[in-house]
Amino acid sequence: MAIAPAPGDVLIVVDVQYDFLPGGSLAVAGGDQIIPLVNKLGRKFANVVLTQDWHPAGHVSFASNHPNAKPFDVIDLPYGAQVLWPDHCVWETHGAELSAELDLPHAQLIIRKGYNEMVDSYSGFQEADRRTKTGLEGYLRERRLKRLFVTGLATDFCVAWTALDACAAGFETFVIEDATRAIDADGSLAKAWGDMAAAGVQRLVASDIV
Ligand code: VGL
Ligand code: ZN
């Protein structure tokens, strides 16, 4: 497939932050390898939006905040099942910063998510309670942006949830697979691609963007 980015298209770059890169507290294997590709894609899009995972130290998704829990355990919270993670992307820490290797000077918006202590937010659109909105949908609509091309980390969590919510909101949504990397805990990657295909998310590779 060959797609030439148009004025109504936006490149979404999810959570390219030090804690998700090699050496980070929730490192995604090969996460750093996508950065040159994301930068190259960025030059083809007039519109670029970034997301940034942004947690307080007491965040409910951290295993360290639950007695006897360990990372990758799953617990029940009022809004549903929650995977517990190592502490990551705590605001005012280096790990929460966007990679300085990102070369996207024309990026127009950074959506921070996950700042409410008691609710996680994988999606750039809404928190895990599926009610509390981030404002991204309103932003995209006001800007008349209609097609979303999603890249970043991690494929099976924040990329997938963002793409699924984008589709549900009526945007034509693409995930650029080789510009993502996955955590892949317990079959999560296969499940994410299954869910995305079922929802109508289209799967591309970077060379499809011309
Ligand atoms: C993410 C787990 C926890 C992600 C964020 O960016 O995919 N995953 N917080
Ligand atoms: Zn997080």
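Residues numbered from 1 in each chain as written. Chains lettered and ligands numbered in written order. Predicted model: local features only at pLDDT ≥ 70, side-chain atom pairs only at ≥ 80, totals over all residues. Heavy atoms only, no water.

**Here we look at the overall build of the protein chain**
Of regular secondary structure, the protein chain possesses four helices and eight strands. Put simply, the protein chain runs from its N terminus to its C terminus through helices and strands in the order β-α-β-β-β-β-α-β-α-β-α-β. Computed over the C-alpha atoms, the radius of gyration of the protein chain is 16 Å, within 12% of the 17 Å expected from 2.2 N^0.38 for a compact globule of 210 residues. Counting only C-alpha atoms and orienting by the principal axes, one finds that the protein chain spans roughly 50 × 30 × 30 Å. Expressed as a percentage of its 210 residues, the buried residues of the protein chain come to 52%. Sequence-distant contacts, at least 24 apart, represent 76% of the contacts inside the protein chain between residues at least 6 apart. (Helix = DSSP H or I, 4+ residues; strand = E, 2+ residues; numbered from the N terminus. Rg over C-alpha atoms; globule rule 2.2 N^0.38 Å. Buried < 20%, exposed > 50% of the residue type's maximum accessible area, 1.4 Å probe, protein only. Contact = heavy atoms within 4.5 Å.)

**Re the site of ligand 1**
Asp15, Phe20, Leu26, Asp53, Trp85, His88, Tyr122, Leu153, Ala154, Phe157, Cys158 and Ile183 make up every residue found near ligand 1. Between an oxygen atom of ligand 1 and a side-chain N or O atom of Asp15, the distance comes to 2.7 Å. At 3.0 Å, a side-chain N or O of Asp53 approaches a nitrogen atom of ligand 1. Within the complex, the protein chains bury 100% of what would otherwise be the 260 Å² of accessible surface of ligand 1. For the shell around ligand 1, the per-class residue count stands at nine nonpolar, one polar and two charged. (Near = heavy atom within 4 Å. Polar contact = N/O pair within 3.5 Å; in protein donor to acceptor, adjacent residues only side chain to side chain. Areas by Shrake-Rupley, 256 points an atom, 1.4 Å probe, with all protein chains shown as cover. Nonpolar A, V, L, I, M, F, W, Y, C, P; charged D, E, K, R; others polar.)

**Considering the state of the cysteines**
Under the criterion given, the structure shown has zero disulfides. Among the cysteines around Cys89, which has no disulfide bond, Cys158 carries the closest sulfur, lying 8.5 Å off. Classification of Cys89 as buried rests on a relative accessible area of 0%. The exposure class of Cys158 is buried, given its relative accessible area of 5%. (Disulfide = S-S within 2.5 Å.)

**Structural notes on the coordination of the zinc ion (ligand 2)**
The zinc ion (ligand 2) binds to the protein through Asp53 (OD), His55 (NE2) and His88 (NE2), with metal-donor distances spanning 2.0 to 2.2 Å. Donor residues for the zinc ion (ligand 2), ordered by position in the chain, follow D-x1-H-x32-H. The exposure class of Asp53 is buried, given its relative accessible area of 2%. Since its relative accessible area comes to 0%, His55 is described here as buried. (Donors = N, O, S within 2.8 Å, 3.2 Å for Na, K, Ca; no water.)

**Thoughts on the pattern of salt bridges**
Tallied over the full model, the rule gives eight salt bridges. Residues Asp53 and Lys113 are paired through a salt bridge, measuring 3.0 Å at the closest nitrogen-oxygen approach. Taken together, the positions of Asp53 in strand β2 (residues 48–53) and Lys113 in strand β5 (residues 109–113) put the pair 60 residues apart, joining distant regions of the chain. We note that Asp53, like Lys113, is buried. (Salt bridge = Lys/Arg side-chain N within 4 Å of Asp/Glu carboxyl O.)

**A few points about the packing of aromatic side chains**
Inspection of every chain in the model, using the stated rule, returns eight aromatic pairs. Relative to Phe149, the ring of Phe45 lies with its centre 5.2 Å away and its plane at 55 degrees, an arrangement referred to as tilted. Residue Phe45 is located in the loop between α1 (35–42) and β2, and its partner Phe149 is located in strand β6 (residues 147–153); the two are separated by 104 residues in the primary sequence. A residue is classified by how much of its surface remains accessible, and Phe149, at 0% relative accessible area, is buried. Between the aromatic rings of Tyr122 and Trp161, the centroid separation amounts to 4.8 Å while the plane-to-plane angle is 85 degrees, which identifies the pairing as edge-to-face. In this pair, Tyr122 sits in the loop between β5 and α2 (136–142) while Trp161 sits in helix α3 (residues 155–168), placing the two residues 39 residues apart along the sequence. On the basis of relative accessibility, which here comes to 30%, the residue Trp161 falls in the partly exposed class. Looking at Arg112, its charged tip hangs above the ring of Trp54, at a distance of 3.6 Å from the centre. (Phe/Tyr/Trp six-rings, centres within 6.5 Å; stacked < 30°, edge-to-face > 60°. Lys NZ or Arg CZ within 6 Å of the ring centre and 35° of its normal.)

**Considerations on the side chain of Lys113**
The class for Lys113 is buried, based on a relative accessible area of 1%. From its side chain, Lys113 meets the backbone oxygen of Ser121 in a polar contact 3.2 Å long. Ignoring sequence-local partners within four residues, the contact set of Lys113 consists of Asp15, Thr51, Gln52, Asp53, Trp54, His55, Ser121, Tyr122, Ser123, Gly124 and Cys158.

**A closer look at the environment of Gly24**
Looking at the secondary structure, you find Gly24 in the loop between β1 (9–14) and α1. Since its relative accessible area comes to 19%, Gly24 is described here as buried. Apart from the residues lying within four places of it in its own chain, the contact partners of Gly24 are Tyr18 and Asp19.

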